[in-house]
Amino acid sequence: MTAPTPRIEAAELAKALLRLADIVQGFTERYGIYRDGRARINERAVLYAMFDLDPVSYFDPKNQEDLALWQTAWRQTRRDGTRDHYKSLRDAMRDTLAKELPRDWHTGALFTPDQIRQVAHRLTATGSAR
């Protein structure tokens with residue numbers, strides 16, 4: 001028998017989305033590819049944001065090599081039994097972004113950090129998640 005899918009609270013989902021917005025802001029500040037402040041959301045950023053890691057460390061060159069911080073945290077979830085919870089959080093982040101953002105983020109659409117923050121604030125205001 002499989003365990004029920006862990007419930008993700010709106011506050012936890014909003015906090016992860018705010019970390020993602022900080023990472024996206026880092027993309028725009030560091031790389032400045034698009035002058036209007038937009039950036040692509042990549043899968044690695046989503047995985048990184050679901051853990052309570054400092055978004056600034058995403059850009060640390062030491063974190064780009066070997067085993068990144070999010071990978072270490074992901075491996076820890078297997079040991080401490082929280083893997084299902086984090087899978088549900090990741091899925092909730094993906095589902096929320098796909099539902100709330102105006103274009104399909106999977107295909108490389110561009111978004112501003114403020115668009116992601118607005119999604120997080122709406123979650124906090126309504127109190128609904130998965």
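Check the entry above for the structure.
All values reported here derive from a predicted model rather than from experimental measurement. (Residues numbered from 1 in each chain as written. Predicted model: local features only at pLDDT ≥ 70, side-chain atom pairs only at ≥ 80, totals over all residues. Heavy atoms only, no water.)

(A) Representation of the nonpolar core. Of all hydrophobic cores here, the largest spans 38 residues; its most connected members are Leu17, Leu20 and Met93. If you list the elements that add at least two residues to this core, you get helix H1 (10–31), helix H2 (43–49), helix H4 (69–80), helix H5 (83–100) and helix H6 (113–126). Element by element, the count of residues in this core is highest for H1, at nine residues. Apart from the residues lying within four places of it in its own chain, the contact partners of Leu20 are Ile41, Ala45, Val46, Ala49, Met93, Leu97 and Ile116. (Core = buried A, V, L, I, M, F, W, Y, C linked by side-chain atoms within 4.5 Å. Buried < 20%, exposed > 50% of the residue type's maximum accessible area, 1.4 Å probe, protein only. Helix = DSSP H or I, 4+ residues; strand = E, 2+ residues; numbered from the N terminus. Contact = heavy atoms within 4.5 Å.)

(B) Looking closely at the pattern of salt bridges. Taken as a whole and assessed by the stated rule, the structure comprises 10 salt bridges. For the salt bridge of Lys15 with Asp52, the shortest nitrogen-to-oxygen distance reads 3.8 Å. Taken together, the residues Lys15 in helix H1 and Asp52 in the loop between H2 and helix H3 (61–64) connect sequence positions 37 residues apart. Residue Lys15 is classed as partly exposed on the basis of its relative accessible area of 46%. We classify Asp52 as exposed; its relative accessible area is 58%. A salt bridge links Arg94 to Asp91, with the nearest nitrogen and oxygen atoms 3.8 Å apart. (Salt bridge = Lys/Arg side-chain N within 4 Å of Asp/Glu carboxyl O.)

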